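# Breakdown of the fold
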Amino acid sequence: MTIPFMKTILNLIAAGLLSLSGSASFAQTITLSVNKPQAAVQPTMWGIFFEDINFSADGGIYAELVKNRSFEFSQPLMGWKETGKKGAGNILIVNRGNDNPANPRFAHITVQAGDSSYGLYNEGFRGMGFKKDGRYNFSFRARNTAGNPTGKLILVDEKGANIGETTIPSPGKEWKQYTAVVTASATVAKGGLQLLFSGNGSLDIDMVSLFPEDTWKQRPGGLRKDLVQLLADLHPGFVRFPGGCIVEGRDLANRYQWKKTVGKVEDRTLIVNRWNTEFAHRAPGDYFQSYGLGFYEYFQLSEDLGAAPLPILNCGMACQFNTGEVAADDDVSRYIQDAIDLIEFANGGTETKWGKLRAEMGHPKPFNLQMLGVGNEQWDSQYIARYQRFEQELKAKHPEIKLVSSVGPFSSGERFEYLWSKLRPSKADFVDEHYYMPPEWFLKNSNRYDKYDRKGPKIFAGEYAAHIKVSKENDNEKGETRNTWESALAEAAFMTGLERNADVVQMSSYAPLLAHVEAWQWRPDLIWFDNLRSVGTPNYYVQQLFANNKGTHTIPVTVNNLPLTGQEGIYASATIDQQSRKILLKIVNTTGKPANYKLALTGAVTTGNAATQQVLTAKDKGDFNSLDNPGVVKPVEQPLKAAKSNVDVSLAANSLNVITIPYK
Ligand code: AHR
């Protein structure tokens, strides 16, 4: 036993995460048949699902700090209030709808402040997060309409104290964008922005914006760095976008329309977010979609992450949990055209209409789109009718694009069976199955895909998460509390079944991805954040362990010649990486007792060193990570001693283990 190995074991024991007492003495043998590679694991196997829910985009990963920057919320001054000297001016909201239907409103500010000042305060999304010494890029569109008011902007802390200020350019007579940079002198989680004018006169302002300079890849107007880094650390194989029910809209007028999310940000038409009022008990009231994170930014993010883009498009159906409104038969072709145009936007030459726009936005090279989802959680014959029209036209024009079809929101039942009965014979490319179920379901269903037809459509496990019921009395309402180790452990056990069936299951994604601790509608979620901090849940680390140890081919994992699929609470799957020549075993102990095994290799021998065991476990199944306590459930890595063709392993109670064994 090496000294570092002993130290890790002692640390795990001290932390209460590993107990050696009462453990068996490597009596049972698990066979890893290295010489029997089976399915190729697709690069898309472990992906992510992004939906603008829980303030994931505006107020979340899209780093804009100003809420309602263009006064287009249904209440035009929501998020804003007058500030400065009382009576030293007034604000009028003006609508130029005919001239600018995408961005009709602006604010007309009259100033009679002389040497004092008058203006507007913006509260941000549950406040604005500022970091000490951080530089912030301010911009607004403005024009002077009378006199010569001069302006400044001030960053303020929770109490209204000045933590950074700068003058802003005085606008000329024509609409133009003006910029300024301000530095924060303190770290503040819930600050705000004041825009103050002195002198006498009037001006019009619009698109008032403030971004941290330090965004992901330092892109101006870009994404929040810490949140994208957490996504990058997952090495996702694909990014599903923009959802989720948001694709469908509560009605068709409020569906997601990708064409309204590209081009200049000031020309993107804002709409109310469907999650603004979906759940009465968690209705934020101020949840809108500015589309600052639109389809261009999405494709760019996928590229940054090295992930395949997987857009899900509206197929002419609004959410069937809401209005269930459908597009008239004659109208469906418009929706199909949107899909065809999106393929052109992503992949078309720069001489094409949509390819040209992509190039103008900064990406002349194609984004290499290869898949498209038709509808989100649709069901019944109205879906099949629309799906078939999409399939017919898209396959004719773009046979290279794989299509993803829906089997509704549930993992079984009449609707599910009906849709499968239609999709199976039509040889659909991918079928998108969803399951938000209790942990017990995940344990029982780890062999779900063992029985699926190997020649049928491929599976996209497009949305899943183990949902724990928590009684009101036991729920302290902290968002992260539902992301318990119990839920993550059950998902890990289930995911061994996904991996074992990698010939059929070629994509999967936990859902939803992101949630603001003060503005969520749905939980559990993979990552929680506030205005400054972010934290991966235990479920996040489960996803990460699988995704970062994907391998290239599955291999059989057996005990007594039977696949290890939950016998005595132990679930396992394994892959090999044929390039790096490593065995990557995922083994989950769902019992409350430690367990010991001998891993026996067939068809290969270990290289004798550098084997490792990554352990993810917790003291209690109810443990969770929070912003204040982010490291409660986190993987720990330890070296493993490997003999020529076998390796002894100890599995802590309730643990996910990834065992890496170099082989030759
Ligand atoms: O992930 C949250 C929601 O769950 C999605 O929007 C929807 O597709 C599903 O019902």
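Below or above, wherever it landed, is the structure these notes cover. Bear in mind the structure is a predicted one, so any value in this text is a computation, not a measurement. (Residues numbered from 1 in each chain as written. Predicted model: local features only at pLDDT ≥ 70, side-chain atom pairs only at ≥ 80, totals over all residues. Heavy atoms only, no water.)

Before going further, it helps to spend a moment on the sheet that holds strand 15 (residues 308–313). Strand order in the open sheet formed by eight strands is 2-12-15-16-17-18-19-20, and the pairing between neighbours is parallel. At either end of the open sheet lies a strand with only one pairing partner, and these are strand 2 (48–49) and strand 20 (505–510). Note that strand 19 (residues 458–466) and strand 20 share four bridges and pair parallel. Paired with Ala461 across the strands is Ser508, a residue of strand 20. Here helix 9 (residues 485–500) sits on the sheet in contact with strand 18 (430–437), strand 19 and strand 20, set at roughly 170 degrees to strand 19. (Pairing = 2+ DSSP bridges. Helix = DSSP H or I, 4+ residues; strand = E, 2+ residues; numbered from the N terminus. Contact = heavy atoms within 4.5 Å. Axes fitted to C-alpha atoms, helices over the stretch in contact; angles between N-to-C directions.)

Quick reminder: α-helices carry 3.6 residues per turn. Residues three or four places apart thus point the same way. In a regular helix each residue adds 1.5 Å, so 16 residues correspond to 22 Å; helix 4 (residues 332–347) covers 23 Å between its end C-alpha atoms and thus fits that length. Listing the buried residues of helix 4 in full gives Val332, Tyr335, Ile336, Asp338, Ala339, Ile340, Asp341, Leu342, Ile343, Phe345 and Ala346. On its buried side, helix 4 packs onto helix 3 (295–305), strand 15, helix 5 (353–360), strand 16 (371–374) and helix 6 (380–397). (Expected span 1.5 Å × (residues − 1). Buried < 20%, exposed > 50% of the residue type's maximum accessible area, 1.4 Å probe, protein only.)

Phe295, Leu372 and Leu498 are the most contacted members of the largest nonpolar core, which totals 123 residues. Apart from residues no more than four positions distant in its own chain, Phe295 is found in contact with Phe241, Pro242, Tyr256, Trp258, Thr261, Val262, Pro311, Leu313, Leu342 and Phe345. Formed by 34 residues, the second largest nonpolar core is a distinct cluster that contains Phe71, Ile91, Phe138 and Leu193. (Core = buried A, V, L, I, M, F, W, Y, C linked by side-chain atoms within 4.5 Å.)

Sheet topology note: the strand 1 (residues 28–33)/strand 29 (residues 595–602) ladder contains six bridges and is parallel. When the bridges of strand 29 are listed, Ile30 appears paired with Leu599. Judged from the two bridges that link them, strand 1 and strand 25 (residues 557–559) form a sheet pairing that is antiparallel. Directly across from Leu32, in strand 25, lies its bridge partner Val557.

Moving on, we get to the sheet that holds strand 21 (residues 514–516). One open sheet accounts for three strands, arranged 21-22-23; its pairing is mixed. Of all strands in the sheet, those bounded by a partner on one side alone are strand 21 and strand 23 (534–536). Neighbouring strand axes in the sheet, compared pairwise and without regard to direction, differ in orientation by 20 degrees on average.

What follows deals with the environment of Ile340. With respect to the secondary-structure elements, Ile340 resides in helix 4. Expressed as a C-alpha distance, the spacing of Ile340 and Gln392, which sit 52 residues apart in the sequence, is 12 Å. The residues touching Ile340, leaving out its near neighbours within four places in the chain, are Glu393, Leu394, Lys397 and His398.

Here we come to unusual backbone geometry. For the bond running from Phe241 to Pro242, omega is 5 degrees, close enough to zero to count as cis. Checked against the element boundaries, Pro242 lands in the loop between strand 12 (238–241) and strand 13 (271–272). Here the amide bond leading from Gly243 into Gly244 is cis, since omega sits at 5 degrees, within 30 degrees of zero. Along the chain, Gly244 turns up in the loop between strand 12 and strand 13. Unlike most non-glycine residues, Lys217 shows phi in positive territory, near 55 degrees.

What follows is about the pattern of salt bridges. One pass over the full model with this rule turns up 32 salt bridges. With its nearest N and O atoms 2.9 Å apart, the salt bridge here joins Arg224 to Asp226. Judged by its relative accessible area of 12%, Arg224 falls in the buried class. The partner of Asp450 in a salt bridge is Arg500, and the shortest N-O contact between them spans 3.3 Å. Linking Asp450 in the loop between helix 8 (439–444) and strand 19 with Arg500 in helix 9, this pair joins segments that are 50 residues apart in sequence. (Salt bridge = Lys/Arg side-chain N within 4 Å of Asp/Glu carboxyl O.)

Read these as spatial facts, not as claims about activity.
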